[in-house]
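Descriptive analysis of the structure
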Amino acid sequence: MKEFTIDINCDLGEGVGNDHLLMPHLSSCNIACGGHAGDDDTMRSTITLALAHQVKIGAHPSFPDRENFGRIEMHLPIDELEAIISSQISRLHKHLEEQRALMHHIKPHGALYNMAAVDHDTAEAISRAVAAYSGKVFLYVPFGSVIEQHALEKGIPIKYEAFADRNYNNDLTLVSRKEENALLNNVDEIFRHVVPIIKEQKVRSVDGNWIPIKADTLCIHGDNPNAPEIAKHLSVKLQEVEISIL
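Now for a description of the structure that goes with this document.

Reading the values: rules and limits
- Residues numbered from 1 in each chain as written.
- Predicted model: local features only at pLDDT ≥ 70, side-chain atom pairs only at ≥ 80, totals over all residues.
- Heavy atoms only, no water.
- Helix = DSSP H or I, 4+ residues; strand = E, 2+ residues; numbered from the N terminus.
- Rg over C-alpha atoms; globule rule 2.2 N^0.38 Å.
- Buried < 20%, exposed > 50% of the residue type's maximum accessible area, 1.4 Å probe, protein only.
- Contact = heavy atoms within 4.5 Å.
- Areas by Shrake-Rupley, 256 points an atom, 1.4 Å probe, with all protein chains shown as cover.
- Lys, Arg positive; Asp, Glu negative; His and termini not counted.
- Charge placed at Lys NZ, Arg CZ, Asp CG, Glu CD.
- Polar contact = N/O pair within 3.5 Å; in protein donor to acceptor, adjacent residues only side chain to side chain.
- Pairing = 2+ DSSP bridges.
- Axes fitted to C-alpha atoms, helices over the stretch in contact; angles between N-to-C directions.
- Parallel < 35°, antiparallel > 145°, perpendicular 65-115°, else oblique.
- Left-handed = near helix turned anticlockwise from the far one by under 90°.
- Nonpolar A, V, L, I, M, F, W, Y, C, P; charged D, E, K, R; others polar.
- Salt bridge = Lys/Arg side-chain N within 4 Å of Asp/Glu carboxyl O.

Here we look at the overall build of the chain
The secondary structure content of the chain amounts to 8 helices and 10 strands. For 246 residues, the compact-globule estimate of 2.2 N^0.38 gives 18 Å, and the C-alpha radius of gyration of the chain, at 17 Å, lies within 12% of that figure. Dimensions of the chain, computed from C-alpha atoms along their principal axes, come out at roughly 40 × 40 × 35 Å. Out of the 246 residues in the chain, the part that is buried amounts to 54%. Once local pairs closer than 6 in sequence are excluded, the contacts in the chain between residues at least 24 apart make up 68%. Entry remark: accessible area of the chain is about 11200 Å², with carbon and sulfur atoms responsible for 48%. Treating the 23 positive side-chain charges of the chain as one cloud and the 35 negative ones as another, the clouds have centres 5 Å apart.

This is how it looks when you write it as structure tokens:
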């Protein structure tokens, strides 16, 4: 019998106030490092919480846009964007070193993540910033994306990421948050959504088509109102269908 495994990650340190409820049900977390949310105090406290629960830690850089929570596209020169991303990663890395913790991965946030999936300049800026860590960290990327191509070309280790609480278009882009069906909130619906992603490497699009996909890690958005319930439900139910959480 084939063994199925998955990582469950969540964006934390964003000021939502539910990190302590989520962390017990996660295997990795992405800590906001000042771009869209977070500051030195939240980074330190989130690292401490992750260490207490033995959860892998990642940097969660963003466009420098706290007003819009990093969810508005910004078109910046490659060098400028690389410097912005590098600065945020370095800021978290400093706090990790102070607590003798390791950085496991890097995952861009919001509009930066979505743009990197389709835009070569954005993907290049991110991959340059991540490459500075000499292959010691993973980059979380969507399957079949432009950022995946850039990472592989630079020899950056990757983990394929899918979204537990978001609907997909036929081209594997996420349904825009402007649409009513962008988010998934019902825990049973989310469970039905993610099992085929893990076991069959396919996802049902909003148009009803089954699209090939790969996932090493599933993301639950920390600002989803049902995030703690979703994380707890998946951490239990996935193991009931012989999917191990790593």
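Moving on, there is more to tell.
What about the environment of N186?
Summarising the element assignment, N186 is placed in the loop between β6 (158-163) and α7 (187-199). Within the local environment of N186, its side chain forms a polar contact with the backbone nitrogen of D188, the two atoms lying 3.0 Å apart.

Examining the pairing of strand β9 (residues 217-220)
The side-chain alternation of β9 yields two buried faces, one formed by T217 and C219 and the other by L218 and I220. Where strand β1 (residues 4-12) and β9 come together, 4 bridges link them in parallel fashion. The partner of D7 across the bridge, within β9, is T217. Pairing analysis gives 3 bridges linking β6 to β9, with the strands arranged parallel. Paired with F163 across the two strands is C219, which belongs to β9.

A closer look at the environment of V206
Mapped onto the elements, V206 comes out in the loop between β7 (202-204) and β8 (210-212). On the accessibility criterion, V206 (32% relative accessible area) is partly exposed. The contact partners of V206, leaving out residues within four places of it in the chain, are N167, Y168, N169, V175 and N181.

Observations regarding the packing of α7 against helix α8 (residues 227-240)
At a minimum axis separation of 10 Å, α7 and α8 run at an interaxial angle of 50°. Looking at the two axes, α7 sits oblique to α8. By crossing handedness, the relation of α7 to α8 is classed as right-handed. Two secondary-structure elements touch here, α7 through V187, D188, I190, F191, V194, V195 and I198 and α8 through E229, I230, H233, L234, K237 and L238. When grouped by side-chain class, the residues that make up the contact of α7 with α8 number 9 nonpolar, 1 polar and 3 charged.

Notes on the pattern of salt bridges
Tallying each qualifying case throughout the model produces 12 salt bridges. Across the pair R91 and D40 runs a salt bridge whose closest N-O atoms are separated by 3.1 Å. Here D40 lies in helix α2 (residues 40-52) and R91 lies in helix α3 (residues 78-98), a separation of 51 residues in the sequence. Given the relative accessible area of 29%, R91 is considered partly exposed. Judged by relative accessible area, which is 25%, D40 ranks as partly exposed. In this structure, the salt-bridge partner of R128 is E82, at a minimum N-O distance of 3.4 Å. Taken together, the positions of R128 in helix α5 (residues 120-131) and E82 in helix α3 put the pair 46 residues apart, joining distant regions of the chain. Ionic contacts of the salt-bridge type, sharing partners, join the residues D79, E82, E124, R128 and K154 into one network.

Spatial relationships are all this shows, so hold off on functional conclusions.
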